[in-house]
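What the coordinates show
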Amino acid sequence: MSKASAQTAAAPQEAARPASRVMVLCCLIVFMAQMATTVYLPSLPAVMRELAMSQSLVEMSISGFVVGAALPVLFWGSAADRWGRRSPLLVSLALFVLCSVLLAAVGSAVELLILRVLQGIAAGGAAIIARIIVRDNWSGDELARRLSVLSIAFITALGGGQFIGGLIGEYSHWQAGFVLMAVTGALAALLSMTLPLQGGRLAAARQGGSPYWQILRRPGFVLPACAGGLGFATTVTLQEVSPFVFQEHFGLAVASFGNVGLLIGLAYFSGAMTVNRTVAKLGGKKLMRAGALLMAAATIAMLLCWHLGVLEARPGLLLFIGLYCLTIFGQAVLFPNSMATAVSDAKNHGAHAMALCGFLQQGLAGIAATVSVLLHHNGAWTLAVAALGLITLLQVLFQARLRAA
């Protein structure tokens with residue numbers, strides 16, 4: 001083989017290396033942002049005792065992180081568009097590392113709550129910029145496939161974080177988890193400095209007019225973004241009510257409920273892998289419809305089975321677990337494709353499109369989570385999840401008809 005031929009053959013391999021490192025960076029950040037909560041969950045009773053906190057107050061250290069992560073998403077998107085991806089990412093990671101180090105030495109409840117909110121702000125910024133970086137490098141069905149890889153990182157953090165947190169709680173001090181988070185954030189920052197990331201658009205920022213408003217006027221963006229958000233809201237509602245359903249209705253022990261969580265994680269992982277393996281062949285829009293159809297069918301079946309008295313005793317428990325996992329599988333198929341479809345429609349708006357998509361989806365899920373606390377009694381939650389599942393399907397079908405018109 002000639003020298004020129006060898007260089008030509010090596011070119012695709014060289015081009016693939018930065019792309020692989022980009023995915024490693026983005027998966028590490030998404031894993032870090034989710035694990036910052038899950039690694040901490042097993043230690044909540046110890047934190048409550050050590051810092052003399054009430055149960056409701058120590059739980060606020062979880063909700064404060066979530067609120068902190070959600071609220072400034074639009075700001076982080078604008079910052080990434082104006083100043084480029086690297087600077088806001090490094091700022092968010094530096095803040096995350098600083099808060100994690102301080103949390104490793106926290107000595108009072110007030111310090112814990114304030115630092116957890118700040119850590120959430122940092123984690124939310126890093127996570128949305130990671131998704132923006134993925135959107136910079138891929139589009140269309142390939143973007144959906146790459147976002148499904150981020151979903152795998154997310155679900156790995158759900159299970160792996162709690163497992164690691166349990167080991168830390170048993171063999172070390174609960175604050176060691178924050179040391180681990182500080183190290184992870186520092187590694188992500190170092191890796192980001194070795195990669196070529198998209199620069200900012202200062203000129204575009206001075207033109208005036210809200211890019212978010214311009215994006216919201218695009219049905220090709222809003223409809224799939226909201227479909228993904230409604231699907232997310234469906235699963236969040238199920239997650240909120242499931243402890244009461246499993247433990248109060250079915251009489252399941254806490255340990256057994258944790259084992260059901262492994263099945264749910266496996267369902268999400270299977271859905272994400274389905275997208276990863278089939279989106280190039282089937283297309284994102286077809287998979288989005290399939291995911292929405294599965295969710296609608298499973299949630300409507302829950303509603304009917306509950307009110308017909310089918311979900312009773314052990315057979316009913318197994319049926320409910322199956323319908324629950326089918327709903328989660330459908331959402332794992334729907335979510336990355338809905339996000340990829342939305343941001344690909346608004347491809348000229350870069351970081352703003354991904355940030356707004358994340359904000360809409362998190363906002364819808366947050367509303368569902370807030371309302372779900374009112375739905376524990378008399379099976380009202382079954383009507384809520386069935387309605388959300390059906391509306392998700394109708395919105396996806398309406399979007400498909402609108403595009404065909």
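Definitions and limits used
- Residues numbered from 1 in each chain as written.
- Predicted model: local features only at pLDDT ≥ 70, side-chain atom pairs only at ≥ 80, totals over all residues.
- Heavy atoms only, no water.
- Helix = DSSP H or I, 4+ residues; strand = E, 2+ residues; numbered from the N terminus.
- Expected span 1.5 Å × (residues − 1).
- Buried < 20%, exposed > 50% of the residue type's maximum accessible area, 1.4 Å probe, protein only.
- Core = buried A, V, L, I, M, F, W, Y, C linked by side-chain atoms within 4.5 Å.
- Contact = heavy atoms within 4.5 Å.
- Salt bridge = Lys/Arg side-chain N within 4 Å of Asp/Glu carboxyl O.
- 1 Å grid on protein atoms, 1.4 Å probe; cavity = no way out; pocket = protein on both sides within 12 Å on 5 of 7 lines; lining within 4 Å.
- Points joined across faces, edges and corners; volume = space filled by probe spheres on them.
- Nonpolar A, V, L, I, M, F, W, Y, C, P; charged D, E, K, R; others polar.

With 17 residues, helix α8 (residues 176–192) extends 25 Å from end C-alpha to end C-alpha; this agrees with the ideal 24 Å at 1.5 Å per step. Of all the positions in α8, only Gly177, Phe178, Met181, Ala182, Thr184, Gly185, Ala188, Ala189, Leu191 and Ser192 are classed as buried.

Before going further, it helps to spend a moment on the nonpolar core. Within the largest apolar cluster, 82 residues are counted, with the highest numbers of intra-cluster contacts made by Tyr40, Leu89 and Phe221. Setting aside residues up to four positions removed in sequence, Phe221 forms contacts with Ile215, Ala342, Val343, Asp345, Ala346, Ala353, Leu356, Cys357 and Leu360.

Here the focus is the pattern of salt bridges. Counted according to the given criterion, the structure contains 3 salt bridges. Across the pair Arg145 and Glu142 runs a salt bridge, and its minimum N-O distance is 2.9 Å. Of this pair, Arg145 and Glu142 both sit in helix α7 (residues 140–171), 3 residues apart, which is roughly one turn of the helix. Taking the shortest distance from any N to any O, the salt bridge between Arg146 and Glu142 comes out at 2.9 Å. Taken as a pair, Arg146 and Glu142 lie in helix α7 at a separation of 4 residues, close to a single helical turn.

Here we take up empty space enclosed by the protein. Tallied over the entire structure, the rule returns 1 cavity of 30 Å³ or more. Roughly 30 Å³ of volume is contained in the largest cavity. Forming the boundary of the largest cavity are Lys285, Met288, Arg289, Val396, Gln399 and Ala400. Taken together, the elements giving at least two residues each to the lining of the largest cavity come down to α13 (284–307) and α16 (380–404). Across the lining of the largest cavity, the residue classes break down as 3 nonpolar, 1 polar and 2 charged.

Interpretation note: all reported values are geometric properties and have no functional meaning in isolation.
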